[in-house]
Amino acid sequence: MVYTEYTWEVLGYCQELEFSLYYLLLPYLLLFVNLFFFTLSCVTNPGTITKANELLFLQVYEFDDLMFPKNVRCPTCDLRKPARSKHCRVCNRCVHRFDHHCIWVNNCIGAWNTRYFLIYLLTLTASATTLASVSAAFLAQVVFFSDFYLKTYIDNHGHSQVVDTVFLVQYLFLLFPRIIFFLGFVLVLSFLLGGYLCFALYLAATNQTTNEWYRAGQAPRQHCRHEAQPLSAEPQVFQNIHSHGVWSNLREVFLPATRYEKKKK
């Protein structure tokens, strides 16, 4: 729907103003790239744990005995749970380095498709931002070419006033109401997607998953369920033992070790 509105309204006007064709086609290029990584996020195995690869996954990450204690079994899959794994109730499977279940791609996001999901999110944000910039550039061209911002108008009291921002927006809304609505929508979408993208990149750079980030504050309480501590013992504080620097963390996300499954095959 967004691209239909862009093609129907914005593209034609921008061609009349002789915008660069490469600039106008950039949103479509981002759309194709976005659909490609959307498909990969949907169909790629996120890292399903089975009887065949259970022992291999148990050796990948170290147990912290707080958020991920040793010798815990999944009652549904009847498997020993590797560190950083979680059973997804939607997909009914245990996933290696489980992040979250995404309803948009109808798949779990785990060790082997997190990179595709991040690029999908990046291109989606870039698409919305590009659509907003093209629309804003068109409206700016209309204002500057018409010299409307230099004109004056007579207010309700009969005084001459210089055109201000509010009056200018009202004027553009009367001329191009659908483009103004379109611009407002993609701007809000850009901020929302950009915020989520920054959060996802922060998790990747610190080698955390959404599941671990959410559970971090509950880790001391979870620990108490598994193991009783003496009253004099100090409460344990969760520490991320899997972070090894930004570049190593990003390499782990974008170059995941899929060899664990291939060795078994």
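Residues numbered from 1 in each chain as written. Predicted model: local features only at pLDDT ≥ 70, side-chain atom pairs only at ≥ 80, totals over all residues. Heavy atoms only, no water.

Draft legend 1. Structural context of the environment of Gly-245. Positionally, Gly-245 belongs in the loop between helix 8 (219–226) and helix 9 (246–254). The exposure class assigned to Gly-245 is partly exposed, which follows from its relative accessible area of 34%. Gly-245 sits 39 residues away from Thr-206 along the chain, and the two C-alpha atoms are 7.4 Å apart. (Helix = DSSP H or I, 4+ residues; strand = E, 2+ residues; numbered from the N terminus. Buried < 20%, exposed > 50% of the residue type's maximum accessible area, 1.4 Å probe, protein only.)

Draft legend 2. Structural context of the nonpolar core. Within the largest apolar cluster, 23 residues are counted, with the highest numbers of intra-cluster contacts made by Tyr-6, Val-10, Cys-14, Leu-24, Phe-138 and Leu-139. Those elements that place two or more of their residues in this core are helix 1 (2–16), helix 2 (21–43), helix 4 (114–146), helix 5 (165–175) and helix 6 (177–205). Top element by residues in this core is helix 4. It accounts for 7 residues. Judged by nonpolar contacts, the second largest core, of 8 residues, contains Ala-128, Leu-193, Leu-197 and Ala-204. (Core = buried A, V, L, I, M, F, W, Y, C linked by side-chain atoms within 4.5 Å.)

Draft legend 3. Inspection of empty space enclosed by the protein at higher detail. Counting across every chain of the model gives 1 cavity of 30 Å³ or more. Volume-wise, the largest cavity comes out at about 110 Å³. Surrounding the largest cavity, 15 residues form its lining, Asp-99, Thr-114, Leu-118, Ala-200 and Leu-203 being those nearest its centre. Contributions of two or more residues to the lining of the largest cavity are made by helix 4 and helix 6. In terms of residue class, the lining of the largest cavity is made up of 9 nonpolar, 4 polar and 2 charged. (1 Å grid on protein atoms, 1.4 Å probe; cavity = no way out; pocket = protein on both sides within 12 Å on 5 of 7 lines; lining within 4 Å. Points joined across faces, edges and corners; volume = space filled by probe spheres on them. Nonpolar A, V, L, I, M, F, W, Y, C, P; charged D, E, K, R; others polar.)

Draft legend 4. Local environment of helix 6. The terminal C-alpha atoms of helix 6, which comprises 29 residues, lie 42 Å apart, in line with the 42 Å expected from a rise of 1.5 Å per residue. The set of residues buried in helix 6 consists of Ile-179, Ile-180, Phe-182, Leu-183, Val-186, Ser-190, Leu-193, Gly-194, Leu-197, Ala-200, Leu-203 and Ala-204. One or two residues past the end of helix 6 sits Asn-207, with phi positive at roughly 55°. (Expected span 1.5 Å × (residues − 1).)

Draft legend 5. Region of the structure containing the packing of aromatic side chains. According to the stated counting rule, one finds 14 aromatic pairs in the structure shown. Considering the side-chain rings of Phe-37 and Tyr-116, the 6.4 Å spacing of their centres and the 35° angle between planes classify their relative orientation as tilted. Of the two residues, Phe-37 sits in helix 2 while Tyr-116 sits in helix 4, which places them 79 residues apart along the sequence. Across the pair, exposure class does not vary: Phe-37 and Tyr-116 are buried alike. Look at Phe-117 and Tyr-196: their rings are 6.5 Å apart centre to centre, the planes differ by 70°, and that puts the pair in the edge-to-face class. Taken together, the residues Phe-117 in helix 4 and Tyr-196 in helix 6 connect sequence positions 79 residues apart. (Phe/Tyr/Trp six-rings, centres within 6.5 Å; stacked < 30°, edge-to-face > 60°.)

Draft legend 6. Fine view of the environment of Ile-119. Structurally, Ile-119 is set in helix 4. Judged by relative accessible area, Ile-119 falls into the partly exposed class, the value being 24%. The spacing of Ile-119 and Leu-197 is 78 residues in sequence and 9.6 Å in space, taken between C-alpha atoms. Setting aside residues up to four positions removed in sequence, Ile-119 forms contacts with Phe-37 and Phe-254. (Contact = heavy atoms within 4.5 Å.)

Draft legend 7. Examining the packing of helix 1 against helix 6 more closely. Direction vectors running N to C along helix 1 and helix 6 enclose 130°, while the axes themselves pass 11 Å from each other. It follows that helix 1 is oblique to helix 6 by the angle criterion. Note that helix 1 runs across helix 6; the crossing there is left-handed. In this structure, helix 1 uses Val-2, Glu-5, Tyr-6, Trp-8, Glu-9, Val-10 and Tyr-13 to contact helix 6, whose residues at the interface are Arg-178, Ile-179, Phe-182, Phe-185 and Val-186. Its residues assigned to classes, the contact of helix 1 with helix 6 shows 9 nonpolar, no polar and 3 charged. (Axes fitted to C-alpha atoms, helices over the stretch in contact; angles between N-to-C directions. Parallel < 35°, antiparallel > 145°, perpendicular 65-115°, else oblique. Left-handed = near helix turned anticlockwise from the far one by under 90°.)

Note that every value here comes from positions in space, so none of it alone points to a role or purpose.
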